[in-house]
Structure formats: C-alpha cells, structure tokens
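Structural overview
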Amino acid sequence: MNRRKLLHTSVALAAATLTGLGLAAQPSRPMVEVWKTPNCGCCKDWIKHLQASGFEVTTHDVSNDRKNAVRQRLGLAEQFGSCHTALVNGYVLEGHVPAREIQRLLKDKPVALGLAVPGMPVGSPGMDGPEYGGLKDPYDVLLVQRGGAARVFQSYR
C-alpha cells in the first residue's frame, strides 16, 4: 500500500470513528426558540418561513401574559412588541422578522439586544398569506440596543 492510499484510508477511518462517537463537525442550523400563543396562525406561518430558510425552531405555546413576561425577562421594551418573541444565539427576535435579516444579524454579530418588527405589518413573513390578497404595508426591521434605543436595520417598502 503506498503512502497516499494509507493516508486517505487513515483519514477516512478517523472520520468514521469520530462520526460514530458524535464528535465530527456537523453542519449546524441556527436554533430559534419561539414563545407564542397556541392558536396564532401568523406565528405558525412565520415559523414555517424560518424553517424554509434553514433554521431549526423550537416553540413554546404559552398564554399572552406568559409571552409578555418572557419578552420583559429578555429585556425588550413593550413598545417593540408583537405576537411572538424568540431567541437565537443570544439575540432577541420580536415579531415578523424576515429570515434574511436574522441571517445578516448572525453573520454581522452587532452589539445589540436583537431585532424587532413591532406590530404585525401585512406583507411581512407570516403576514403574507393568500388571505391578505397580496397587500403589503411598508415596515422597518429595527436593531434594538440594550436600554431601548433602536435604529432601522432594514426597511421594506
């Protein structure tokens, strides 16, 4: 057996062993943890949008009061509120934030509390189904700082 073949065989064997032990590098998808009320259809649609964009999602169906308490515990002011609150890699997500902006947030890693789309703008992910007849409201995705200051992260017009 020549050196090259021996090296390839050794590398393949090591990779197979590590994989069997769960130690090999696995491509990971960002995990988004979502708090929402049980029957909210637009929240379910937003979650489908995230999953279609490569995110893993864990949901917690809770009362509105509990969801608001989670938002408060995470440090997000009520003025940024929407119908669901989420957490991804230490960043808070509030409302119908497009997956594209979450991906940008995770890539750029700004010093911030997270992103918010206050209210429930028609045309945003989860608020864009056929029942809205193609209508789209302009809206901003806000980058929210600890302490409550915010600036426009991305505008949708």
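Note that this is a predicted model, so its numbers are computed, not measured.

**Here we look at helix 4 (residues 99–108)**
All of the buried residues along helix 4 are Ala99, Glu101, Ile102, Leu105 and Leu106. With its buried residues spanning 160° around the axis, helix 4 presents them on a single face. For helix 4, the exposed residues set more than 90 degrees away from the buried face come down to Arg100 and Lys107. Where helix 4 is buried, its residues meet helix 2 (41–52), strand 3 (84–88), strand 4 (91–95), strand 5 (114–117), strand 6 (139–144) and strand 7 (150–156).

**Notes on the packing of aromatic side chains**
The final tally for this structure, using the stated rule, is one aromatic pair. For the pair Tyr139 and Tyr156, a centre-to-centre distance of 5.0 Å together with 10° between the ring planes defines the contact as stacked. Placement of Tyr139 in strand 6 and of Tyr156 in strand 7 is noted, with a sequence separation of 17 residues between them. Under the relative-accessibility criterion, Tyr139 is labelled buried at 9%. The class for Tyr156 is partly exposed, based on a relative accessible area of 21%. For the cation-ring pair, Arg104 lies above Phe153, with the distance from its terminal atom to the ring centre recorded as 3.7 Å.

**Quick look at the side chain of Lys36**
For Lys36, the position within the fold is in strand 1 (residues 31–36). A distance of 2.7 Å separates the side chain of Lys36 from the side chain of Asp61, its partner in a polar contact. Not counting chain neighbours up to four residues away, the residues in contact with Lys36 comprise Cys43, Lys44, Ile47, Thr59, His60, Asp61, Val62, Lys67, Cys83 and His84.

**Here's the deal with the confidence of the model for the protein chain**
Confidence in the prediction of the protein chain, expressed as mean pLDDT, is 88, and 83% of residues score 70 or more. Below pLDDT 50 for its whole length, residues 3–26 participates in four contacts with residues either more than four positions away or in separate chains.

**Considering the state of the cysteines**
On inspection of all chains with the given rule, the structure shows zero disulfides. Sulfur of Cys40: no disulfide; nearest cysteine sulfur belongs to Cys43 and is 3.1 Å away. A relative accessible area of 14% means that Cys40 is categorised as buried. For Cys83, which is in no disulfide, the shortest distance to another cysteine sulfur is to Cys43 and amounts to 3.6 Å. With a relative accessible area of 11%, Cys83 lands in the buried category.

Parameters and conventions
- Residues numbered from 1 in each chain as written.
- Predicted model: local features only at pLDDT ≥ 70, side-chain atom pairs only at ≥ 80, totals over all residues.
- Heavy atoms only, no water.
- Buried < 20%, exposed > 50% of the residue type's maximum accessible area, 1.4 Å probe, protein only.
- Helix = DSSP H or I, 4+ residues; strand = E, 2+ residues; numbered from the N terminus.
- Arc of directions from axis to C-beta.
- Contact = heavy atoms within 4.5 Å.
- Phe/Tyr/Trp six-rings, centres within 6.5 Å; stacked < 30°, edge-to-face > 60°.
- Lys NZ or Arg CZ within 6 Å of the ring centre and 35° of its normal.
- Polar contact = N/O pair within 3.5 Å; in protein donor to acceptor, adjacent residues only side chain to side chain.
- pLDDT = per-residue confidence, 0-100.
- Disulfide = S-S within 2.5 Å.

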